[in-house]
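If you want the building blocks of each chain, they are given just below.
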Amino acid sequence: MTLTDVVLVRPGVYHDSVALMRVSRSMRELPGMEVAFVAMATELNLALARDLGFELPAAGPGDLLVALRGRDLEGAAEELDRRLAPLSGARAREAGGGGEQPPRTTRSAARQPADLVLVSVPGEHAFAEALDAVLAGLDVMVFSDGVPVHQEVLLKRLADERGVLVMGPDCGTAVIAGVGLGFANVLRPGPVGVVAASGTGAQQVTSLLDLAGVGTGHVLGVGGRDLSAEVGGRSTLRALRMLDDDPATELIVLVSKPPDPSVAGAVREAVAGLGTPVVTAFAGERDLTAAAEEALRALGRPVPAWPRWPAGPPAAGTHGSRPEGRDEPRPAGRNGSRAEGEGGGRLLGVYAGGTLCTEARLIAGRGEFTDYGDDAYTRGRAHPMIDPTLRLEALSRAEPGDVVLLDVVLGHGADPDPAAALAPALARCPATAVVALVGTEGDPQGLHRQAEALARAGATVFASNAQAARYAKDAR
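Residues numbered from 1 in each chain as written. Predicted model: local features only at pLDDT ≥ 70, side-chain atom pairs only at ≥ 80, totals over all residues. Heavy atoms only, no water.

## A closer look at the overall build of the protein
In terms of regular secondary structure, the protein is built from 16 helices and 18 strands. Per-residue burial over the protein gives 51% buried out of 476 residues. When contacts within the protein are restricted to residue pairs at least 6 apart in sequence, long-range pairs at least 24 apart make up 73% of them. Split by element, the accessible area of the protein, about 20,600 Å² in all, is 51% carbon and sulfur. (Helix = DSSP H or I, 4+ residues; strand = E, 2+ residues; numbered from the N terminus. Buried < 20%, exposed > 50% of the residue type's maximum accessible area, 1.4 Å probe, protein only. Contact = heavy atoms within 4.5 Å. Areas by Shrake-Rupley, 256 points an atom, 1.4 Å probe, with all protein chains shown as cover.)

Okay, here's the thing in structure tokens:
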């Protein structure tokens, strides 16, 4: 049966881009469906649809574009309507109730009582919305990526002048007074405040603290470029001062991708003048697990043996080092034999989190590492914490003798059941699989349920990315 195309444009129908990406993914799972592209008809999405070979009618960014290709597509439009219905219902509930028209711009919304503005629009439009928030004297979280660095510098300079905080751009994770924004784990409340130029780095540290029984009050994401030479750490310095002024914050953890040396020096000078103790975790200087352990010791709390599935001897101590005088057993191959000497295959890092990927690459000191959360891989598609497609393709290319190391990040905003897709792929994968599972007991996916499903598929699963990387490094 030949492939046929169905292209629909629904004028004036708007839905959130991430929600539409989930609909696209679910439509691709239908029998006979080869391509399913459901998105707002922005210039980028129109170009992506044309690249897929679709002939498109006229459409604009306020219209919904549907492009389907497959066999026996009769009824596909009705199935699409069924999957879009919950989104339409949610929008109707938001607009209903009091009968008032919801604000249609950031500027009009800022006139209402508010403390924080969350901007999640295509990167080319994010600056204008964030600027309205800053000029209104409000803190702003810019979830959007693709914002030019000169616009980020201007936003943060204006924010300094007005005494407000810009979190982002490309701020994927924040927690404000216990409320998670973006990709956020369910954390117990507590005395730790985090300043993070890394979303998944913050998730790793706070998840480990949560597993150790220590809670977090705030996570102030500042965007991955904040400690670059161009941006100069403006948001980091403001966030540190804000947490230092918070009487409920007893300890601050500062997490970042590798910073510019001069900016790192200025940040350290600022830290020395704070009244609240600060633990720093700059990639390349200290791994995230070691930072979490130092934070526990600073709070007078014991450092636990971090969970591992299947259960094995803990890699205890700072930096996940092995206990003195004791060697950790070497990883087993897929057939249960010891992997040592079994051909010396490739080490493949298949990551969704940029900082986790950098940390694992630095620890391993070898291998081919890919951050599938990088902008180069998320153009026109959902982040790999939501859509595992690219990572599943990478797993399918692994060969016998290889070692595959990947992260699985839980929490709100992430895939509601990542093991459902990853576990079968890992079971089929001929390589040795090692997983860094970042999450808490309270996460909706179920930390232990996910860990056990991945372990049953043959993976060795660690709650510590650093320990997972060291284990994978030795699996050769």
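## As for the side chain of D387
Secondary-structure assignment places D387 in the loop between α12 (375-378) and α13 (389-396). Judged by relative accessible area, which is 9%, D387 ranks as buried. Of the polar contacts made by the side chain of D387, one reaches the side chain of T389; its length is 2.6 Å. Dropping the residues within four chain positions of it, D387 is found in contact with R25, R28, R381 and A382. (Polar contact = N/O pair within 3.5 Å; in protein donor to acceptor, adjacent residues only side chain to side chain.)

## Thoughts on the sheet that holds strand β1 (residues 4-10)
Pairing between the strands of a sheet is mediated by backbone hydrogen bonds and can be parallel or antiparallel. Spatially, the three strands line up as an open sheet ordered β1-β3-β2, and their pairing is antiparallel. The open sheet has two edge strands, β1 and β2 (33-40), and neither has a second partner. Within this sheet the neighbouring strands show an average axis-to-axis angle of 5°, counted without direction. One ladder, built from seven bridges, connects β1 with strand β3 (residues 64-70); its direction is antiparallel. Looking at β3, one finds that L8 is bridged to V66. (Pairing = 2+ DSSP bridges. Axes fitted to C-alpha atoms, helices over the stretch in contact; angles between N-to-C directions.)

## Here we look at the sheet that holds strand β16 (residues 403-409)
Spatially, six strands are ordered β13-β18-β17-β16-β14-β15 in an open sheet, and the strand pairing comes out mixed. Lying at the two open borders of the sheet, with one neighbouring strand each, are β13 (308-309) and β15 (368-371). With two bridges connecting them, β13 and strand β18 (residues 460-462) associate as antiparallel partners. Looking at the pairing, R308 lines up with F462 of β18. Contacting β14 (347-351) and β16, α13 runs over the sheet at an angle of about 165° to β16. Those strands touched by helix α16 (residues 465-474) are β13, β14, β16, β17 (432-438) and β18, and its axis lies near 170° from that of β17.

## Here's the deal with the packing of aromatic side chains
Considering all chains together, one arrives at four aromatic pairs under this definition. The ring centre of F54 lies 4.2 Å from the NZ or CZ of R69, which sits over that ring. (Phe/Tyr/Trp six-rings, centres within 6.5 Å; stacked < 30°, edge-to-face > 60°. Lys NZ or Arg CZ within 6 Å of the ring centre and 35° of its normal.)

## Points about the nonpolar core
Counting residues in each nonpolar core, the largest one holds 51 residues, and the members touching the most others are V194, L209, V253, V255, F369, L405 and V434. The residues contacting F369, other than those within four sequence positions of it, are L347, G349, Y351, C357, A360, R361, A364 and L405. Formed by 30 residues, the second largest nonpolar core is a distinct cluster that contains A398, L410, L422 and A433. (Core = buried A, V, L, I, M, F, W, Y, C linked by side-chain atoms within 4.5 Å.)

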